[in-house]
Amino acid sequence: MSRSVSKSVFAVACALSLATSSAVFAQDAQNDPLEPLNRGTFAFNELLDTIFFKPVSTVWNAVLPKPVRTGVANVFGNLDDVFIGTNHLLQGRGKDAGVDFQRVLVNTTVGIGGLIDVASTQGLVKGDGDFGQTFGVWGVGSGFYLVLPVLGPSNARDTVGRGVRIVSDPRTYATPVVSYSLTGTEVVQYKADNVENANLIDSSSLDKYAFTRNLYAQRREGLVKAGREAAR
Amino acid sequence: MTSLRLALVAAFFGLFGGVAVAQSTGAEDLVRKMAVEVTAAVRKDPDIATSPAKASALIEQRLLPRFDFQRITQVAMGRNWAKATPAEQHQIVSEFTHLLVRTYSNAIGTLKELEVQVKDSRSNGPSDVTVRTLMVGRAKPVSIDYTLTSAGGGWKVYDVTVENISLVSAYRDEFTGLVSSSGVSGLIAALQKKNTK
């Protein structure tokens, strides 16, 4: 009881510190007051995908052998596991955090600096965790839908979460050249990895904007729900 | 008096529990059967991954009869379902079915390297069950839940939830938006346009 009270006090405090008005973070799957702006950003991202990311992804997938691509994805994934573990700790999921940090340990050593995902073959399953999810587990609502340039679907809460991630990511503090090329490589790698999904959304949606918005809201809500259940 | 009531309650729940177990088993069996049949077919004939025609044929033969597209469409349309005439409803169901079959024809080939494990199921009420499965074979297992109803006799799937994303809900926003901006006829036109692309 007292634990849940202190948890909700904490959540309220967080919500208040994140935004002056708590209404900004009201829970609503279709909360999209910025729809005209978002549609504009969405169209821009679509254009960027068509003229830049799709061709680059195609070349990326064609030129680099699969083991190299997997290796690149694994290195970024290994760094991500550190953040996943941190967020699991913040959510009170000690057991899950244990798995995440074991993954980092195994992959960094046996997996040669994260190039090979040895942990997954040892039953250490990769988790889902980010700061937006952590805020959600603490009780912060998703807030309005927001399409970010290049990065795509988000919402008020998850955008703050992304900000926290950027501030706490060591890559941010590398020299600009290193920082941008690492981030660029990660984005291209991610896009190349998700070409199949993007095609699936293309072929199945009537209004891609509304479809994507809905998928994003459902996915994030599911992750927060899963986080809460695991924290119990 | 109290003990009699207790006994009645126990009997009721015992009976109800028995029914729930029986209906869950039926739904689980159907999902398992679909998974086994489709993965076996995809593994046996590698052309399915590359030939949309072969993939659609497989879906039409093995999956379509086990899905309740009328209900899927109805739920996806929500309140707007009542705005459509029976002829329009029929047209929407058929176009939407076609769209889903086409979409998943392109994706079904990936089942070649994957395996579906039926985990468990829970009863959502009389003749309504959700069967939880896990698709394994890639670095990260994917959870897929099938919600089935036996209202029309025999189990039929009416929603698929992938990693907490419900297929039916995914279409609800789109359908609602299209109907409010261009009416039921606009929705039909959009579906037809998508299907002839």
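Per chain, residues are indexed from 1 in the order of the written sequence. Chains carry letters and ligands carry numbers; both start at the beginning, A for chains and 1 for ligands, and go up in the order they are written. Side-chain atom pairs in this predicted model are given and counted only at pLDDT of 80 or more, local residue features only at pLDDT of at least 70, and totals for whole chains, interfaces and linings cover all residues. No hydrogens and no water enter the side-chain calculation; it runs on all heavy atoms of the structure.

## Here we look at a nonpolar patch on the surface
Residue and element names in this part refer to chain A.
Right, on to step 1. Every patch collects residues that have over 30% relative accessible area and no salt bridge, joining them within 9 Å if they carry like charges and within 5 Å if they are nonpolar side chains (Val, Leu, Ile, Met, Phe, Trp, Tyr). The accessible surface values rely on the Shrake-Rupley method and a 1.4 Å probe; as for residues, cover is taken only from the protein chains in view. Note on definitions: salt bridges are taken to be side-chain nitrogens of Lys or Arg within 4 Å of carboxyl oxygens of Asp or Glu. Together, Val 75, Ile 112, Leu 115 and Ile 116 make up a nonpolar patch on the protein surface, roughly 340 Å² of accessible area in all.
Right, on to step 2. A helix here means a DSSP run of H or I that spans at least four residues, while a strand means a run of E at least two residues long, and both kinds are numbered starting from the N terminus. The residue Ile 116 is located in the loop between α4 (94-109) and α5 (118-121) in this model.
Right, on to step 3. Think of it in three bands: residues with accessible area under 20% of the maximum for their type are buried, residues over 50% are exposed, and the middle band is partly exposed, with areas taken using a 1.4 Å probe on protein chains only. You can call Ile 116 partly exposed: its relative accessible area is 44%.

## Describing the packing of helix α3 (residues 69-77) of chain B against helix α5 (residues 167-196) of chain B
Angle between the axes and distance between the axes are the two parameters that describe a pair of packed helices.
Residue and element names in this part refer to chain B.
Right, on to step 1. Helix axes are fitted to C-alpha atoms over the stretch in contact, other axes to C-alpha atoms as well, and angles between N-to-C directions run from 0 to 180 degrees. Running from amino to carboxyl end, α3 crosses α5 at an angle of 75°, the nearest separation of the two axes being 7 Å. In this view, α3 runs roughly perpendicular relative to α5, as classed from their interaxial angle. Where α3 abuts α5, its residues Ile 72, Val 75, Ala 76 and Met 77 lie against Val 168, Tyr 171, Arg 172, Phe 175, Val 179 and Leu 187.
Right, on to step 2. Here the contact of α3 with α5 is built from residues that sort into nine nonpolar, no polar and one charged. Any angle between 65 and 115 degrees counts as roughly perpendicular, while under 35 counts as roughly parallel, over 145 as roughly antiparallel, and the rest as oblique. Contacts were defined at the residue level, with two residues in contact if any of their heavy atoms lie within 4.5 Å. Residue polarity is assigned by list, with Asp, Glu, Lys and Arg as charged and Ala, Val, Leu, Ile, Met, Phe, Trp, Tyr, Cys and Pro as nonpolar; anything else, Gly included, falls into the polar class.

## Let's talk about the interface of chain B and chain A
Right, on to step 1. Listed per partner, the contact involves 25 residues of chain B and 23 residues of chain A.
Right, on to step 2. Throughout, buried area stands for the accessible area (probe radius 1.4 Å) lost by two parts on being put together, summed over both. Roughly 2000 Å² of surface becomes buried between chain B and chain A when both sides are summed, with 54% attributable to carbon and sulfur atoms.
Right, on to step 3. Looking at the side of chain B facing chain A, the largest losses of area belong to Lys140(B), Asp173(B) and Glu174(B), adding up to 30% of the total buried there.
Right, on to step 4. Counting across the chain B and chain A interface gives one salt bridge.
Right, on to step 5. Arg219(A) serves as the salt-bridge partner of Glu163(B), at 3.3 Å between the closest nitrogen and oxygen.
Right, on to step 6. Among the elements of the structure, α4 (86-105), β5 (165-166) and α5 of chain B are those that each provide at least two residues to the side of chain B that touches chain A.
Right, on to step 7. Considering only residue class, the side of chain B that touches chain A consists of 12 nonpolar, six polar and seven charged.

## Notes on the packing of aromatic side chains
Right, on to step 1. Pairing of aromatic rings covers Phe, Tyr and Trp, the last counted by its six-membered ring, and requires centre-to-centre distances within 6.5 Å; plane angles under 30 degrees mean stacked, over 60 mean edge-to-face, and any other angle means tilted. For the coordinates displayed, the defined rule picks out 11 aromatic pairs over all chains.
Right, on to step 2. Between Tyr145(A) and Tyr216(A) the ring centres are 6.4 Å apart and the planes differ by 55°, which places this aromatic pair in the tilted class. A residue pair is termed long-range when its members are at least 10 positions apart, and Tyr145(A) in strand β1 (residues 145-148) and Tyr216(A) in helix α10 (residues 208-231) qualify at 71 residues.
Right, on to step 3. Judged by its relative accessible area of 5%, Tyr145(A) is buried.
Right, on to step 4. Accessibility expressed as a relative area gives 17% for Tyr216(A), which makes it buried.
Right, on to step 5. Ring centres of Phe67(B) and Phe69(B) lie 5.9 Å apart, and the angle between their planes is 25°; this geometry places the pair in the stacked category.
Right, on to step 6. On the accessibility criterion, Phe69(B) (12% relative accessible area) is buried.
Right, on to step 7. Linked through ring pairs, Phe42(A), Tyr145(A), Tyr209(A) and Tyr216(A) together constitute an aromatic cluster.
Right, on to step 8. In this arrangement the basic side chain of Lys191(A) is found over the ring face of Phe53(A), its NZ or CZ atom lying 4.9 Å from the centre. For a lysine, the NZ atom is tested; for an arginine, the CZ atom; a charge sits over a ring if that atom is within 6 Å of the ring centre and within 35 degrees of the ring normal.

## As for the sheet that holds strand β3 (residues 142-149) of chain B
Residues and elements named next belong to chain B.
Right, on to step 1. Think of it this way: DSSP has to see at least two bridges between two strands before they count as a pair. The five strands are arranged β1-β2-β3-β4-β5 in an open sheet whose pairing can be described as antiparallel. Because the sheet does not close on itself, it has two edges, and the strands there are β1 (115-125) and β5.
Right, on to step 2. Here nine bridges tie β1 to strand β2 (residues 128-136), and the two strands are oriented antiparallel to one another. Residue pairing for β2: Ser 123 is matched across the bridge by Val 129.

## Brief notes about unusual backbone geometry
Right, on to step 1. You will see that Val150(A), though not glycine, has its phi angle at about 65°, which is positive.
Right, on to step 2. Accessibility expressed as a relative area gives 32% for Val150(A), which makes it partly exposed.
Right, on to step 3. Despite not being glycine, Ser127(B) shows a phi value in the positive range, around 50°.
Right, on to step 4. Mapped onto the elements of the fold, Ser127(B) is located in the loop between β1 and β2.
Right, on to step 5. Using a relative accessible area of 25% as the deciding quantity, one classes Ser127(B) as partly exposed.

## Structural notes on the confidence of the model for chain B
Residues and elements named next belong to chain B.
Right, on to step 1. Looking at chain B as a whole, its pLDDT mean stands at 85, while 87% of the residues score no less than 70.
Right, on to step 2. Confidence of the predictor at the level of single residues is captured by pLDDT, which takes values from 0 to 100. Taking the mean pLDDT of every element in chain B, the minimum, 70, falls on helix α1 (residues 2-44) and the maximum, 94, on α3.
Right, on to step 3. With pLDDT under 50 throughout, residues 14-19 is counted as low confidence; its partners more than four residues away or in other chains account for zero contacts.
Right, on to step 4. Here the prediction assigns the complex a pTM of 0.81, and the interface score ipTM is 0.76.

## Things to note about the pattern of salt bridges
Right, on to step 1. Applying the stated criterion across every chain yields a total of 29 salt bridges over all chains.
Right, on to step 2. Where Glu186(A) meets Arg171(A), a salt bridge forms, and the shortest distance between an N and an O atom there is 2.9 Å. Linking Glu186(A) in helix α8 (residues 176-193) with Arg171(A) in the loop between α7 (156-168) and α8, this pair joins segments that are 15 residues apart in sequence.
Right, on to step 3. Classification of Glu186(A) as partly exposed rests on a relative accessible area of 23%.
Right, on to step 4. Taking the shortest distance from any N to any O, the salt bridge between Asp47(B) and Lys54(B) comes out at 3.4 Å.
Right, on to step 5. Given a relative accessible area of 40%, Asp47(B) falls into the partly exposed group.
Right, on to step 6. Among the charged side chains, a salt-bridge network with shared partners connects Asp32(A), Glu35(A), Arg39(A), Asp207(A) and Arg213(A).

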